[in-house]
Amino acid sequence: MSGAATELNPARPAPEPTIDSKPYWDGLKERRLLLQQCGDCGLVRHYPRPMCADCHSLEVGWIESSRQGRLYSWTEVHHPFVPGFRGEIPYVMATVELEEGVRLQCQMLDAASAGLRLDLSVEIVFLEVQDGLVLPFAQAA
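On a predicted model such as this, the values are computed, not experimentally measured, just so you know.

1. With respect to the side chain of His46
Structurally, His46 can be placed in the loop between β2 (44-45) and β3 (60-64). Contact partners of His46, with chain neighbours within four places excluded, come to Tyr24, Leu35, Val102, Arg103 and Leu104.

Right, dumping it as structure tokens:
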């Protein structure tokens, strides 16, 4: 996505995985979208966290997402609040409601040509945006 970092175009910030989110980030490196699932009540959740918001269980498992969903919302970004995104503006930030019932925030690829509209069918794809950092992106299905 972006070239080498310079003083005028610094590198995009890298995530700092926690004990709870590490399987998610490891899955992305393998081009798999992993979601947490409560080991007691079965609720699927995203972003990873230590406790189920529904039953308060600390038991957790992981499932692989179908990577299919619908466009729930979007916004076009023109101002980079984080300097590492300066070289990418403008871009579209999308909220995707995945088939598994959770929402994922990610950039939308080819937004101008996709004819964005609510409930647009999208799929999640993976791009390596810098050495070792693979992120999910949405594109029209």
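2. Looking at helix α1 (residues 22-29)
Since one α-helical turn is 3.6 residues long, residues separated by three or four positions face the same way. Listing the buried residues of α1 in full gives Tyr24, Trp25, Gly27 and Leu28. Along the axis of α1, the buried residues cluster in a sector spanning 155 degrees; they form a single face. Turning to α1, the residues buried within the fold contact β1 (34-38), β3, β6 (103-108), β7 (121-130) and β8 (133-140). Note on α1: the residue one or two positions beyond its end, Arg31, has a positive phi of about 60 degrees.

3. Looking at the domain arrangement of the protein
For the protein, the assigned domains are domain 1 (16-64) and domain 2 (66-141). A C-alpha centroid distance of 20 Å is found between domain 1 and domain 2. Listed as interface residues are 13 residues of domain 1 and, on the opposing side, 15 residues of domain 2. Between domain 1 and domain 2 lies a buried interface of about 1,100 Å² when both sides are counted; carbon and sulfur atoms form 72% of it.

Cut-offs used in this document
Residues numbered from 1 in each chain as written. Predicted model: local features only at pLDDT ≥ 70, side-chain atom pairs only at ≥ 80, totals over all residues. Heavy atoms only, no water. Helix = DSSP H or I, 4+ residues; strand = E, 2+ residues; numbered from the N terminus. Contact = heavy atoms within 4.5 Å. Buried < 20%, exposed > 50% of the residue type's maximum accessible area, 1.4 Å probe, protein only. Arc of directions from axis to C-beta. Domains from an automatic or database assignment. Buried area = accessible area lost by both parts, 1.4 Å probe.

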